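Reading the structure
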Amino acid sequence: QVQLVESGGGLVQPGGSLRLSCAFSGSIFSIYRMGWYRQAPGKQRELVATITSAGTTNYGDSVKGRFIISRDNLKNTVSLQMNSLKLEDTAVYYCNADRPATWHNYWGQGTQVTVSS
């Protein structure tokens, strides 16, 4: 039902910036907590950031102060502004939509972010 279409991944140098976007469709956007997660080779999927419909944010410790999550409730999009990128930020980044107190949980296809000099 819910579909998430990601864009913005790519190559970036250490210290650089990149902005990921995710377009939500197929349901009522305001119901869902939106988020970004990532998975690097050999590691578990980890939280990057989440944002509620009201705009309350939560960040993983490794990205606090560097990344900013935002959502546009009119355009049904969620974005992740990534600044001061580090080599360890290299991962596949996944957009997530989660309906609280239900099993309604959806994922995008993942987009590769590679930080390399």
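In this text, all values refer to a predicted model and were calculated from it rather than measured experimentally. (Residues numbered from 1 in each chain as written. Predicted model: local features only at pLDDT ≥ 70, side-chain atom pairs only at ≥ 80, totals over all residues. Heavy atoms only, no water.)

Turning our eyes to something else, we now look at the pattern of salt bridges. For the structure on display, the rule yields 4 salt bridges. Between Asp89 and Arg38 there is a salt bridge, and its shortest N-O distance comes to 2.9 Å. With a gap of 51 residues between them, Asp89 in the loop between β8 (77–82) and β9 (91–98) and Arg38 in strand β4 (residues 33–39) connect regions that are remote in the sequence. For the pair Asp89 and Arg38, one class covers both residues: buried. Note that Arg66 and Asp89 form a salt bridge whose closest N and O atoms lie 2.7 Å from each other. Placement of the pair is Arg66 in the loop between β6 (57–59) and β7 (67–72) and Asp89 in the loop between β8 and β9, with a sequence separation of 23 residues. Relative accessible area serves as the criterion here: at 10%, Arg66 is assigned to the buried category. A relative accessible area of 0% places Asp89 in the buried class. (Salt bridge = Lys/Arg side-chain N within 4 Å of Asp/Glu carboxyl O. Helix = DSSP H or I, 4+ residues; strand = E, 2+ residues; numbered from the N terminus. Buried < 20%, exposed > 50% of the residue type's maximum accessible area, 1.4 Å probe, protein only.)

With that settled, consider the pairing of β8. Extensive coverage of β8 is indicated by the burial of 5 of its 6 residues. Where strand β3 (residues 18–25) lies against β8, 6 bridges are found, and the strand directions are antiparallel. Paired with Cys22 across the two strands is Val78, which belongs to β8. Here β7 folds back onto β8, and the loop between the two strands holds 4 residues, one of which, Asn76, carries a positive phi near 60 degrees. (Pairing = 2+ DSSP bridges.)

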